[in-house]
Structures are given as C-alpha cells and as structure tokens.
Amino acid sequence: MGSIEANGKTYETDEEGYLADLNTWDKDVAAVMANLDDCELTENHWEVINFLREYYEEYQIAPAVRVLTKAIGKKLGKDKGNSKYLYELFPYGPAKQACKYAGLPKPTGCV
Amino acid sequence: MSNAKKMMYINRKAPYGTIYAWESLEVVLIGAAFEQDVSLAFMDDGVYQLTKGQDTSGIGMKNFSPTYAALGDFEVNKIYVDKESLEERGLTLDDLQHLVWEDEDEDWAEKDSIRLVSRSELSDVLADQDVLFNF
C-alpha cells in the first residue's frame, strides 16, 4: 500500500499507484497523479477521465483499450476515437494511465 | 480473423454461491481482446446470472450483474440461453436483462444479444465449437 497527498488530503493507493477506494477520488488527486507522471491535465484529458468514470459507474468494470477507443469515437467523434489521439493524451497507455487518474482499478487483463 | 477459433463459455452455476460466474465473466472479457469468435451459453442455474434486479447488499459481495451489459461493447454478442432451464425455474426472457450490442456498420443500431434456444438447438451449437470452457 502507498498513499498520495493532494490539497492537504491523503489518498490510499495500491503498490502501483491506483486508488485503493474509488469513492475517495476527486479532481485534486487526479491532477496530482498526473503531475507525478509529468502530465498536465487538459480538457481533452478530462473528457476521457470523465468518460471512464461514467463507464465504470454503469458497468462496474473498466473498458479494454479497444472498447474505450470505439466508445470514445462514438461519443466524442471519430477524430478522438483512435489510438493515436488517445496515446498522445496518455502515453503510458490510454486504458492503464487514464484509469489510474480516474481512480479506477487497473483494467481487467491489463499487465 | 482467419485463425479465429470458435470458443464457447458455458455457465451453469448461480451467480454468487461460488466464484465461477465472476471468473467466467472475467475470462470472457480478457479473451475478447484476442478477437476470437466468442459465444456464451447459460444453462441450469447459470440462467440466474442474467436475471434483472440482483441485490447483493445482504451478502457483502460485489453485484457484477451490470457487467453483462458491457459484453456487447467487447463484441461478445452471441449469448445462448437454454429455454428449458428457464422454464424449469419458472423464469421467462422478461426476467433477464435485455442485453444488446451496437452494430457500428449500421449506424450503431442496437441488436439483441440473447438467443433463446431449446436444449437440442444448444447441443448443435456446442457441437459446432472448437473450444468449450465449462464454468
């Protein structure tokens, strides 16, 4: 177990930096997690993060990359629903990195 | 897709008494990434896995039934339900979740994923598979 400090609050994480309890998530901790990876969250990042949170809320799982790409394309347009766009936003892998900032567990089957 | 195998996951157990239902669902979701020809069968007590309105608050387990609705996104859209198993338990198709998938080639038209089949029809589908996984 580890922890992250954001805005005076402490958030528990697992050994890979994913939040231990997704209910403790807020925008502050997402921004701090991103800063630790030298990543500045823009509106485009938030679109994907918010999408992931909604997806998890509805289905109780994080989508696989292929599923995420397709669903983003449907919701936000074809110019965003491709791996080039998503990898530019999240160079460590869209599902893995974006899920982390969204406070979700690591996607099933993701190594 | 030329090397795709026909893989079927057979689900026979009630959702929460054992870990089989959840394990099966996780394997299906992982396996879906490999672009095989995946289908699912629900028979015996396995039909309870798809019922609507599951509430696990009394047993302290995660209610994973909403996850079945994500199968369509993972392009798993052949879900066979054994008609006799439903009837034996006093259930009908209306007691099950309405699972759909969206056909990208037809402007995301929603199509039904569940195929209600008789036991003999299901036998034919089973005989046609390359790989069967029993859960």
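Refer to the structure above for everything that follows.
All values derive from a computational prediction rather than experimental measurement.

Undergrad: Help me out: how do you make sense of the overall build of chain B in this one?
TA: A count of helices and strands for chain B gives 3 helices and 7 strands. Secondary structure elements of chain B occur, N-terminal to C-terminal, as β-α-β-β-α-β-β-β-α-β. Against the compact-globule benchmark of 14 Å for 135 residues, chain B has a radius of gyration of 15 Å, which places it among compact chains. Considering only C-alpha atoms, chain B reaches an extent of 45 × 30 × 25 Å along its principal axes. Residue pairs at least 24 apart in sequence account for 76% of intrachain contacts in chain B once pairs closer than 6 positions are excluded.

Undergrad: Sorry if this is basic, but what is going on with the overall build of chain A here?
TA: Within chain A, the regular secondary structure consists of 5 helices and 2 strands. What you see for chain A is a C-alpha radius of gyration of 13 Å, in line with the 13 Å of a compact globule of 111 residues. Reported as C-alpha extents along the three principal axes, the dimensions of chain A are approximately 40 × 25 × 25 Å. The 111 residues of chain A split such that 31% are buried. The long-range share in chain A, meaning contacts at least 24 apart out of those at least 6 apart in sequence, stands at 46%.

Undergrad: Where do I start with the interface of chain B and chain A in this structure?
TA: Contacts between chain B and chain A engage 13 residues on the former and 12 residues on the latter. By residue class, the composition of the side of chain B that touches chain A is 9 nonpolar, 1 polar and 3 charged.

Undergrad: Looking at this model, I keep getting lost on the sheet that holds strand S6 (residues 114-117) of chain B. Mind explaining?
TA: For sheets, the rule is that strands pair by backbone hydrogen bonds, running either parallel or antiparallel. All names here are of chain B. Read across the sheet, 5 strands follow the order S6-S3-S2-S1-S7 without closing on themselves; strand pairing throughout is parallel. What marks the edges here is a single partner per strand, and that holds for S6 and strand S7 (131-134). Between one strand and the next, the sheet's axes are offset by a mean angle of 25 degrees, whatever the strand orientation. As judged from the 6 bridges shared by strand S1 (residues 6-11) and strand S2 (residues 37-42), these two strands associate in the parallel manner. The partner of Met-7 across the bridge, within S2, is Val-38. Along the sheet face, helix H1 (residues 20-31) touches S1 and S2 and points at about 165 degrees away from the line of S1. Helix H3 (residues 119-127) contacts S1, S2, strand S3 (79-82), S6 and S7 of the sheet and is inclined by roughly 140 degrees relative to S3.

Undergrad: For this particular structure, what's the right way to read the packing of helix H2 (residues 43-59) of chain A against helix H5 (residues 94-101) of chain A?
TA: A pair of packed helices is characterised by two quantities: the angle between their axes and the separation of those axes. Residues and elements named next belong to chain A. For the pair H2 and H5, the least separation of the axes is 9 Å and the interaxial angle reads 80 degrees. On the basis of the axis angle, H2 is roughly perpendicular to H5. On H5, the residues touching Val-48, Ile-49 and Leu-52 of H2 are Ala-98, Cys-99 and Tyr-101. Here the residues of the contact of H2 with H5 are counted per class, giving 6 nonpolar, no polar and no charged.

Rules of the game
Residues numbered from 1 in each chain as written. Chains lettered and ligands numbered in written order. Predicted model: local features only at pLDDT ≥ 70, side-chain atom pairs only at ≥ 80, totals over all residues. Helix = DSSP H or I, 4+ residues; strand = E, 2+ residues; numbered from the N terminus. Rg over C-alpha atoms; globule rule 2.2 N^0.38 Å. Contact = placed C-beta atoms within 7 Å. Buried ≥ 20, exposed ≤ 12 C-beta atoms within 10 Å, placed from the backbone. Nonpolar A, V, L, I, M, F, W, Y, C, P; charged D, E, K, R; others polar. Pairing = 2+ DSSP bridges. Axes fitted to C-alpha atoms, helices over the stretch in contact; angles between N-to-C directions. Parallel < 35°, antiparallel > 145°, perpendicular 65-115°, else oblique.

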